[in-house]
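A structural walkthrough
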Amino acid sequence: MKNWVGLLIVTFAYSISCFTQQDLKAINEGEKYASKAEEYSIKAVKACENDNRKKCLELFEKSIAFYTQAIDADPQEDNYYLNRGLTYDYIENETAALEDFTKGIELNPDKTLCYIARSQTRRLMDDYQGSYADAMKHSEIYGDDNESLQCKRHALLNLKEFEVAITVITQIIEKNPDNDYYYINRAVCYIETANFDAA
């Protein structure tokens, strides 16, 4: 099971005047199904917290079914792909998650949160180059937040790109100065680059 991080990311920003009646109907239908999906996701998390794995998986499957209905109703909304992908990730179906995040990116390449979600999934699939590229794209759009920096750190360490990793870890330390782990992490990178004084 994956950590419950960001599963309920839902962003609705619509300019109603630009839509036809058919568009509005699709949007309303999509929102209705997405709302049901979120309800099941919340119940699933509670079941997981109570160590009821079977119930947890059943509820997440229902959530996925409702997100699928939301997508069928409004296939242009990238957030539905994002949230269904995060749900797939949670039940360890990384292949389906990757497909959803990629579709979300195709729909909204300049704004979507699917880049950071796909970065995390690619890391789970040992695609560190892809993970790093997606984290960089997320940073380009939203700036360096904790999630993008962590994705970069993991990818760079696995790629043995220690010089670049030092820069990223330094940024993480600036945001988390009281966390000893990152100082140790950076010290290891310094050792790998033969900078023993800095280590």
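Residues numbered from 1 in each chain as written. Predicted model: local features only at pLDDT ≥ 70, side-chain atom pairs only at ≥ 80, totals over all residues. Heavy atoms only, no water.

1. Brief notes about helix 6 (residues 128–142)
- For helix 6, with 15 residues, the first-to-last C-alpha span of 21 Å sits near the 21 Å given by 1.5 Å per residue.
- Listed in full, the buried residues belonging to helix 6 are Tyr128, Gly130, Ser131, Tyr132, Asp134, Ala135, His138 and Ser139.
- Those residues of helix 6 that are buried lie in contact with helix 5 (114–124), helix 7 (146–158) and helix 8 (162–175).
- Measuring from the side-chain oxygen of the N-cap residue of helix 6 to the backbone nitrogen of glycine 130 gives 2.9 Å; that N-cap residue is aspartate 127. (Helix = DSSP H or I, 4+ residues; strand = E, 2+ residues; numbered from the N terminus. Expected span 1.5 Å × (residues − 1). Buried < 20%, exposed > 50% of the residue type's maximum accessible area, 1.4 Å probe, protein only. Contact = heavy atoms within 4.5 Å. Polar contact = N/O pair within 3.5 Å; in protein donor to acceptor, adjacent residues only side chain to side chain.)

2. Focus on the environment of alanine 37
- Mapping alanine 37 onto the fold places it in helix 1 (residues 21–49).
- Placed 22 residues apart in sequence, alanine 37 and leucine 59 show a C-alpha to C-alpha distance of 9.3 Å.
- With residues near it in sequence (within four places) discarded, alanine 37 still touches Ser63, Phe66 and Tyr67.

3. Here's the deal with the state of the cysteines
- All chains considered together, the criterion is met by one disulfide.
- In this model, cysteine 48 is linked to cysteine 56 through a disulfide, with the two sulfur atoms separated by 1.8 Å. Across the pair, exposure class does not vary: cysteine 48 and cysteine 56 are buried alike. (Disulfide = S-S within 2.5 Å.)

4. Focus: unusual backbone geometry
- You will see that glutamate 92, though not glycine, has its phi angle at about 65 degrees, which is positive.
- Phi is positive for lysine 160, close to 60 degrees, though the residue is something other than glycine.
- Its location among the elements puts lysine 160 in the loop between helix 7 and helix 8.

5. Side note on the packing of aromatic side chains
- With the rule as written, the count across this model stands at four aromatic pairs.
- Relative to phenylalanine 66, the ring of tyrosine 40 lies with its centre 5.5 Å away and its plane at 15 degrees, an arrangement referred to as stacked. Separated by 26 residues along the polypeptide, tyrosine 40 in helix 1 and phenylalanine 66 in helix 2 (residues 53–73) bring together distant segments of the chain.
- Given a relative accessible area of 17%, tyrosine 40 falls into the buried group. (Phe/Tyr/Trp six-rings, centres within 6.5 Å; stacked < 30°, edge-to-face > 60°.)

6. Concerning the packing of helix 3 (residues 78–90) against helix 4 (residues 94–107)
- Here helix 3 crosses helix 4 at 165 degrees, and the two axes come no closer than 8 Å. Taken as axis vectors, helix 3 and helix 4 run roughly antiparallel relative to one another. For the element pair helix 3 and helix 4, the recorded crossing hand is left-handed. Counting all contacts with helix 3, which are made through Asp78, Tyr81, Leu82, Arg84, Gly85, Leu86, Tyr88 and Asp89, the residues of helix 4 involved are Glu94, Ala96, Ala97, Asp100, Phe101, Lys103, Gly104 and Leu107. (Axes fitted to C-alpha atoms, helices over the stretch in contact; angles between N-to-C directions. Parallel < 35°, antiparallel > 145°, perpendicular 65-115°, else oblique. Left-handed = near helix turned anticlockwise from the far one by under 90°.)

7. Section: helix 3
- A rise of 1.5 Å per residue sets the reference length of helix 3, with its 13 residues, at 18 Å; its end C-alpha atoms lie 19 Å apart and thus fit the reference within 8%.
- Counting buried positions over the 13 residues of helix 3 gives 13, a clear majority of the element.

8. Some thoughts on the side chain of glutamate 77
- Structurally, the position occupied by glutamate 77 is in the loop between helix 2 and helix 3.
- Despite its burial, glutamate 77 remains without a salt bridge, the nearest opposite charge being carried by lysine 111 at 8.7 Å.
- A polar side-chain atom of glutamate 77 sits 2.9 Å from a polar atom in the side chain of asparagine 79. (Lys, Arg positive; Asp, Glu negative; His and termini not counted. Salt bridge = Lys/Arg side-chain N within 4 Å of Asp/Glu carboxyl O.)

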